[in-house]
Amino acid sequence: MFWFLAVAMVVVVAAVTLVVVGGGDGEVLPEAAPEGLVDPLPATRPVGRADIEALRLPVAARGYRMADVDDVLARLGAELAERDARIAELEAALAGAQAQAVSRPDLFEKPAQEEE
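Residues numbered from 1 in each chain as written. Predicted model: local features only at pLDDT ≥ 70, side-chain atom pairs only at ≥ 80, totals over all residues. Heavy atoms only, no water.

### Here's the deal with the overall build of the protein
Okay, step 1: Secondary structure summary: the protein contains 3 helices and 2 strands in total.
Okay, step 2: In the protein, which comprises 116 residues, the proportion classed as buried is 8%.
Okay, step 3: Sequence-distant contacts, at least 24 apart, represent 45% of the contacts inside the protein between residues at least 6 apart.
Okay, step 4: Approximately 10,600 Å² of the protein is accessible, and the part contributed by carbon and sulfur atoms is 64%. (Helix = DSSP H or I, 4+ residues; strand = E, 2+ residues; numbered from the N terminus. Buried < 20%, exposed > 50% of the residue type's maximum accessible area, 1.4 Å probe, protein only. Contact = heavy atoms within 4.5 Å. Areas by Shrake-Rupley, 256 points an atom, 1.4 Å probe, with all protein chains shown as cover.)

Put into structure tokens, the structure is as follows:
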């Protein structure tokens, strides 16, 4: 009885190993290409909210792929710095225009009405 169980166990282990390894002619599991950033951020225009919401970073064995995350964060940081600089430039121009308008001597005078 013991030999029968030992032989049966060897046959079952061999069959399972053959199925897992893929003993047939066809390939059981095709080779998978390494996962990459599927939909990168647009290079030809500024990044918008919809681009960030649609962004899906590829997952690696221990979390997200660090190189892809670093690239996305670097791009977003550069665009935010550029937008902050543009906002500061526009605010300075607005403050200059407001100061110039306030310093006009005829600021509170009514415009002369033309006689009919």
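### Side note on the packing of aromatic side chains
Okay, step 1: Per the counting criterion, the structure on display carries 1 aromatic pair.
Okay, step 2: With centroids separated by 5.6 Å and ring planes inclined at 70 degrees, the aromatic side chains of Phe2 and Trp3 adopt a geometry described as edge-to-face.
Okay, step 3: Residue classification places Trp3 among the exposed residues on the basis of a relative accessible area of 66%. (Phe/Tyr/Trp six-rings, centres within 6.5 Å; stacked < 30°, edge-to-face > 60°.)

### Here's the deal with the confidence of the model for the protein
Okay, step 1: On average, residues of the protein score 80 in pLDDT, and 78% of them are at 70 or above.
Okay, step 2: By mean pLDDT, strand 1 (residues 59–60) is the weakest element of the protein at 75, and helix 3 (residues 66–102) is the strongest at 90. (pLDDT = per-residue confidence, 0-100.)

### Description of the side chain of Glu79
Okay, step 1: Tracing the sequence through the fold places Glu79 in helix 3.
Okay, step 2: Given the relative accessible area of 14%, Glu79 is considered buried.
Okay, step 3: Looking at Glu79, its side chain comes within polar contact range of the main-chain nitrogen of Val47, at 2.8 Å.
Okay, step 4: A polar contact is formed between the side chain of Glu79 and the side chain of Arg75, at a distance of 2.8 Å. (Polar contact = N/O pair within 3.5 Å; in protein donor to acceptor, adjacent residues only side chain to side chain.)

### Describing the environment of Pro46
Okay, step 1: Tracing the sequence through the fold places Pro46 in the loop between helix 1 (2–21) and helix 2 (49–54).
Okay, step 2: When the C-alpha atoms of Pro46 and Leu80 are compared, they prove to be 10.0 Å apart, with 34 residues separating the residues in sequence.

### Notes on the pattern of salt bridges
Okay, step 1: The full count for this structure, using the stated rule, is 6 salt bridges.
Okay, step 2: Here Arg49 makes a salt bridge to Glu53, at a shortest N to O gap of 2.8 Å. Note that Arg49 and Glu53 are positioned in helix 2 at a spacing of 4 residues, about one turn of the helix.
Okay, step 3: The class of Arg49 is exposed, set by a relative accessible area of 69%.
Okay, step 4: Judged by relative accessible area, which is 46%, Glu53 ranks as partly exposed.
Okay, step 5: When the shortest N-O distance is used, the salt bridge between Arg86 and Glu89 registers 2.8 Å. Separated by 3 residues within a single helix, Arg86 and Glu89 lie in helix 3, roughly one turn from each other. (Salt bridge = Lys/Arg side-chain N within 4 Å of Asp/Glu carboxyl O.)

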